[in-house]
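Results of the structural survey
Listed below are the residues making up each chain.
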Amino acid sequence: YTMSNGEYSLSSLDEKYITKDQRKDNFLCDCSIAPAFFINDFIEQVDDKIKGFLKGLGVTNGMANFQGMYTPNGVFLFEMGLRLNGNNDWIFIERTNGISFVKMMIAHSLTGNMCDDLSKDNPRFKEYFCTLPIYAHEGVITELDFSAIESQPWVEISTQNAGIGSRIEEDGTSRQKVVAFLINAGTI
């Protein structure tokens, strides 16, 4: 959600898939896809409640992200963050809707105003975006070569957390993430 001067807007809804390729129990994300297939149900069941919740908290500017589960019995939320999320959704939100979280936060820190128009915000993107993190098992990274995948016009590195010489501890946390790719396509 983007919050600007007391207005609240759903900017993106992602579906997250949990990895099973780890030796320790974890909730590491294999990939995240936006827009989520259940976006209409989410908006119908939860959107107004979240906006009311944020308003009730008195939060008027910034970003809020929520985690939850979509089940046959409805949408259940269990976590909230008042910050940019680690999925780097801001990259594709800016490309799709022209709203820049980074510029808005800088403007707010300088002027007290988020300085953007939330009427441009639309979580029903015309393309699909996937954040694909790559995790390493325990050890030291001795070689990295992303040239084959980076040569594709539909993929880019959104974050790189480790490089050659980095020691990875297998602890079931995002510290095992070496790199995350941002992929976009016209179809799922």
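Note: the structure precedes this text.
First, a word on scope: everything that follows refers to the structure included in this document. Position numbers for residues count from 1 along each chain, tracking the sequence in the order it is written. Only residues with pLDDT of at least 70 are given local features in this predicted model, and only at 80 or more are side-chain atom pairs given and counted; all residues enter the totals for whole chains, interfaces and linings. Hydrogens and waters are ignored; side-chain quantities use all the structure's heavy atoms.

**Here's the deal with the side chain of Asp 121**
For clarity, the cut-off: Helix and strand definitions follow DSSP, with helices as H or I runs of at least four residues and strands as E runs of at least two, each counted in order from the N terminus. We call a residue buried when its accessible area falls under 20% of the maximum for its residue type, exposed when it is over 50%, and partly exposed in between, using a 1.4 Å probe and counting protein chains only. In summary, the charge assignment counts Lys and Arg as positive and Asp and Glu as negative, without counting His or the chain termini. The salt bridge definition used is simple: a Lys or Arg side-chain nitrogen within 4 Å of an Asp or Glu carboxyl oxygen. Counted as a polar contact is a pair of N or O atoms within 3.5 Å, where, for protein atoms, one must be capable of donating a hydrogen and the other of accepting one, and residues adjacent in sequence contribute only when both atoms are in side chains.
By the element assignment, Asp 121 lies in the loop between helix H3 (101–111) and strand S8 (128–135). Buried charge without a salt bridge: Asp 121, with Lys 51 as the nearest opposite-charge side chain at an N-O distance of 8.5 Å. In terms of polar contacts, Asp 121 uses its side chain to reach the side chain of Ser 9, at 2.7 Å.

**Section: the sheet that holds strand S3 (residues 15–18)**
How we decide: Strand pairing is defined by DSSP finding a minimum of two bridges between the two strands. Fitted lines through C-alpha atoms give the axes, limited to the stretch in contact for helices. The angle between two N-to-C directions lies from 0 to 180 degrees.
Spatially, the five strands line up as an open sheet ordered S3-S4-S8-S12-S10, and their pairing is antiparallel. Only two strands of the sheet have a single partner each, and these edge strands are S3 and strand S10 (155–160). Geometrically, the sheet is characterised by an average inter-axis angle of 20° between neighbouring strands, direction not taken into account. Here four bridges tie S3 to strand S4 (residues 29–34), and the two strands are oriented antiparallel to one another. Residue pairing for S4: Glu 15 is matched across the bridge by Ile 33.

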